[in-house]
Every structure is written in structure tokens, then in C-alpha cells.
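Summary of structural features
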Amino acid sequence: MGGYQHAPVMVREVTELLAPVPTGTVVDATVGGGGHARSLLEARPDLRLLGIDRDPSAVAAARAELAPFGDRAVIVHAGFEHIAEIVRHEEGSVMGILFDLGVSSPQLDLKERGFTYWGDAPLDMRMDSAQPLTAERVVNEYDLDALAALLATNGDERFARSIATRIVANRPLRTTGDLVRAVREGIPARSRRRGGHPARRTFQAIRMEVNREVPNLAAGLDESVHLLTPEGRMLVLAYHSLEDRVVKERFTDWSRTEEPGNVPKGLPRRARTPLVRLLTRRPMRPTAEEVAENPRASSARLRAIERLG
């Protein structure tokens with residue numbers, strides 16, 4: 001896989017949850033280096049796999065990793081928010097859809113891509129280098145209120161406004177080092193000494209904005225549930241509370257047997273035909289052994305549903 005070395009998270013759990021689906025196509029909507037896909041294709045010789053990724057490096061790596069499976073594996077360069085359009089061009093019933101969200105190890109580890117706060121590199125953070133919005137544009141063009149709002153929303157950053165103020169004061173920012181220095185100026189010294197790297201939340205928030213991760217997730221989920229054939233399953237691995245909340249709310253809503261909202265006292269709620277059943281009432285988490293081997297798995301939350309007829 002060349003320089004794209006990525007350890008997939010919760011491979012055993014993902015493979016076991018998808019093992020019962022009927023014969024058909026599984027869509028790996030964030031195929032990355034192809035680790036989950038390989039495990040599934042090995043476990044189920046009757047399945048085909050359609051892999052999608054917005055990162056050209058991941059697409060190349062997945063194609064190399066899955067080449068031994070021949071035409072059972074098709075890899076497409078695209079964002080999963082376009083999943084319905086992509087699936088229309090492929091044959092076969094969709095029996096499984098997997099989303100593995102967030103940023104991958106190769107993206108973090110390649111300093112020149114600007115995802116990491118370690119070292120000094122261009123402010124990029126794009127998963128797809130063809131897209132126009134970069135981290136440099138966000139930090140230099142967004143106004144103070146917009147910056148503070150995205151740091152608070154995407155990063156749960158308690159010093160969001162103070163950090164945004166220092167970013168604006170230090171403009172123009174050109175490198176990840178410039179951004180780290182502005183963040184340090186915006187956080188009180190006592191708080192900088194605990195809770196990990198002080199720029200972690202800011203970098204996460206800006207990366208999510210650059211790649212439109214939350215709106216794209218919402219669009220991808222809403223399209224995907226209608227692509228699944230009855231008895232098909234959808235799995236989502238989330239690593240951030242905001243993303244996990246989006247997944248939980250949709251899964252809960254799709255599984256309702258009654259219409260939500262207030263009803264007049266004494267009147268029954270209107271019945272509703274659920275789209276799915278929940279396979280995980282609470283999210284599954286990686287084992288302690290996996291976290292010890294791959295610390296980046298520690299925040300993973302796996303949720304799953306099955307499409308009803």
C-alpha cells in the first residue's frame with residue numbers, strides 16, 4: 001500500500017455485524033486503505049464491495065490492497081455525500097453500508113497535509129486536494145464570530161472566542177506552526193498544561209469545517225438508509241461526540257414505532273412504521289487490547305442498524 005499505512009478500527013466487530021447480511025453488495029463509504037473491506041471480502045466470498053473515498057491517496061491504496069479480489073472490489077474517488085448517485089451506477093442489491101468517520105493515520109502522519117499540530121507545515125487539511133476550501137482560508141478569511149462558533153461547535157473548545165481573537169490578531173497565518181502559536185496565546189497558561197496538546201480541539205474543528213464533515217455525514221446517512229435492501233445493515237464508526245450524536249439521532253428516529261412530539265392529554269400517539277431496527281442500543285467500543293495496540297482507536301463508537309421490509 002505504499003506510504004498509506006492505516007490500522008482499521010474494530011475490524012472483528014465490523015465483520016461480525018455484517019456477516020449475516022444476504023448476498024449482494026457492501027458499500028464501504030470511507031474505504032481508506034481497504035482494511036475493513038479486505039476482512040469482509042475474505043469472510044464472505046459471495047459479497048461484492050464498492051469502496052468510496054474522497055482522498056486520492058486512499059483510493060490508490062485501496063485499489064492495490066484489494067486487487068487480489070478482482071472485480072469483486074470496485075473503488076471510486078468521491079465523497080460519500082454522493083453515495084446514491086454512485087450506487088446507481090453499480091449492479092446488485094446493497095446489503096451493507098459502512099462509514100468509518102474522521103481522519104486516518106496516514107493523513108495525520110504526513111506532515112505536509114497540514115492535519116497535525118506537531119511540526120510546521122502548510123495550513124491545508126483537505127482530504128481531497130481538489131476542493132477549494134483550505135485551513136489557510138478558514139483561519140484568514142472567516143470573521144471573529146464565525147471562527148469562535150466553529151471552534152465551539154466542532155471542537156467543544158471552552159476558550160473558543162479567546163483563540164479566535166488571537167487567530168484574527170495574528171493574521172496572516174500561513175503554517176500549522178502559526179496556528180499553534182495563536183492557539184497557545186488564546187489559552188490560559190494553567191489550562192495549556194493539562195488535557196493533551198492545547199491545539200488539538202482547534203485543529204479538529206477546522207479540519208471538520210474544511211471537509212464539511214458533519215453536513216456531509218448527514219447527507220450520506222439520509223441517502224444510505226433508502227439504498228439498503230431489507231435485511232441489509234448500516235454501520236457507523238464515529239470518533240467525535242458531534243458526529244456520534246448525528247448518527248444516534250438518525251438511527252433512533254428511523255427506528256421509532258410512534259410519531260415523536262407532544263400529543264394532547266388522553267390521546268394516543270400516532271403509530272409509525274419503522275425503517276430500521278437497532279442492532280446496538282449503546283455504541284460498541286474497542287477492546288482494551290486494541291486500544292493498547294492502536295491508541296487512536298480509543299474514542300471509537302460503533303453503531304449499527306438493520307433495514308426492515
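Quick summary incoming for the structure in this document. (Residues numbered from 1 in each chain as written. Predicted model: local features only at pLDDT ≥ 70, side-chain atom pairs only at ≥ 80, totals over all residues. Heavy atoms only, no water.)

Observations regarding the sheet that holds strand β1 (residues 25-28)
Read across the open sheet, the seven strands follow the order β3-β2-β1-β4-β5-β7-β6; overall the sheet is mixed. If you trace the sheet from one side to the other, it starts and ends with β3 (73-77) and β6 (276-278), each paired once. Ignoring which end each strand starts from, the neighbouring axes of this sheet average 15 degrees apart. The sheet contact formed by β6 and strand β7 (residues 301-307) spans three bridges and is antiparallel. Among the inter-strand pairings, Arg-277 is bridged to a residue of β7, identified as Glu-306. Relative to the sheet, helix α1 (residues 11-18) contacts β1, β4 (94-100), β5 (228-238) and β7, its axis offset from that of β5 by approximately 170 degrees. (Pairing = 2+ DSSP bridges. Helix = DSSP H or I, 4+ residues; strand = E, 2+ residues; numbered from the N terminus. Axes fitted to C-alpha atoms, helices over the stretch in contact; angles between N-to-C directions. Contact = heavy atoms within 4.5 Å.)

Considerations on unusual backbone geometry
Trans is the common state for peptide bonds, and a negative phi is the common state for residues other than glycine. A cis amide bond links Arg-171 to the next residue, Pro-172, at an omega of 0 degrees. As for its position among the elements, Pro-172 is in the loop between α8 (160-169) and α9 (176-186). Although it is not a glycine, Met-10 adopts a positive phi angle of roughly 55 degrees. Here Met-10 shows up in the segment before α1. Unusually for a residue other than glycine, Arg-212 sits at a positive phi of about 50 degrees. Secondary-structure assignment places Arg-212 in the loop between α11 (200-210) and α12 (213-227).

Quick notes on the environment of Ser-39
The topology assignment puts Ser-39 in helix α2 (residues 35-43). With relative accessibility at 18%, the residue Ser-39 sits in the buried group. Placed 192 residues apart in sequence, Ser-39 and Glu-231 show a C-alpha to C-alpha distance of 21 Å. Each residue touching Ser-39, except ones within four places of it in the same chain, is listed here: Val-11 and Thr-15. (Buried < 20%, exposed > 50% of the residue type's maximum accessible area, 1.4 Å probe, protein only.)

Focus: α8
Buried residues of α8: Ala-160, Ile-163, Ala-164 and Ile-167, and no others. With its buried residues spanning 100 degrees around the axis, α8 presents them on a single face. Contacts from the buried residues of α8 go to α6 (135-141), α7 (144-155), α9 and α11. (Arc of directions from axis to C-beta.)

Some points on the packing of α1 against α2
Direction vectors running N to C along α1 and α2 enclose 45 degrees, while the axes themselves pass 10 Å from each other. The orientation of α1 relative to α2 falls into the category oblique. Handedness of the crossing formed by α1 with α2: right-handed. When α1 is examined against α2, the residues Val-11, Val-14, Thr-15 and Leu-18 are found in contact with a partner set consisting of His-36, Ser-39, Leu-40 and Ala-43. Considered class by class, the residues forming the contact of α1 with α2 number five nonpolar, three polar and no charged. (Parallel < 35°, antiparallel > 145°, perpendicular 65-115°, else oblique. Left-handed = near helix turned anticlockwise from the far one by under 90°. Nonpolar A, V, L, I, M, F, W, Y, C, P; charged D, E, K, R; others polar.)

Looking at a positive patch on the surface
Taken together, the side chains of Arg-158, Arg-184, Arg-190, Arg-192, Arg-193 and Arg-194 define a basic patch exposed on the protein surface. Tracing the sequence through the fold places Arg-158 in the loop between α7 and α8. Overall, Arg-158 belongs to the exposed group, its relative accessible area being 65%. (Patch = residues over 30% accessible without salt bridge, like charges linked within 9 Å, V, L, I, M, F, W, Y side chains within 5 Å. Areas by Shrake-Rupley, 256 points an atom, 1.4 Å probe, with all protein chains shown as cover. Salt bridge = Lys/Arg side-chain N within 4 Å of Asp/Glu carboxyl O. Lys, Arg positive; Asp, Glu negative; His and termini not counted. Charge placed at Lys NZ, Arg CZ, Asp CG, Glu CD.)

Quick notes on the environment of Asp-120
Inspection of the secondary structure puts Asp-120 in the loop between α5 (105-109) and α6. Of the residues examined, Asp-120 reaches a relative accessible area of 42% and is grouped as partly exposed. Sequence-wise, Asp-120 and Leu-179 are 59 residues apart; in three dimensions their C-alpha atoms are separated by 9.5 Å. Every residue in contact with Asp-120, bar those within four places of it in the chain, is listed here: Lys-111, Thr-175, Thr-176, Gly-177 and Asp-178.

Overview of the side chain of Glu-157
Along the chain, the position of Glu-157 falls in the loop between α7 and α8. One buried charged side chain, Glu-157, makes no salt bridge at all; its nearest oppositely charged neighbour is Arg-201, positioned 4.9 Å away. Of note is the side chain of Glu-157, whose polar atom sits 3.0 Å from the backbone nitrogen of Phe-159. Non-local contacts of Glu-157, meaning those with residues more than four positions away in its chain, are made with Leu-151, Ala-152, Ile-163, Pro-198, Arg-201 and Thr-202. (Polar contact = N/O pair within 3.5 Å; in protein donor to acceptor, adjacent residues only side chain to side chain.)

Quick word on the pattern of salt bridges
A full pass over the atoms with the stated rule returns 22 salt bridges. A salt bridge links Glu-16 to Arg-12, with the nearest nitrogen and oxygen atoms 3.5 Å apart. Of the two residues, Glu-16 and Arg-12 both sit in helix α1, four residues apart, roughly one turn of that helix. On the basis of relative accessible area, Arg-12 is assigned to the partly exposed category, the value being 47%. The closest approach of N and O atoms between Arg-113 and Asp-55, which form a salt bridge, is 2.7 Å.

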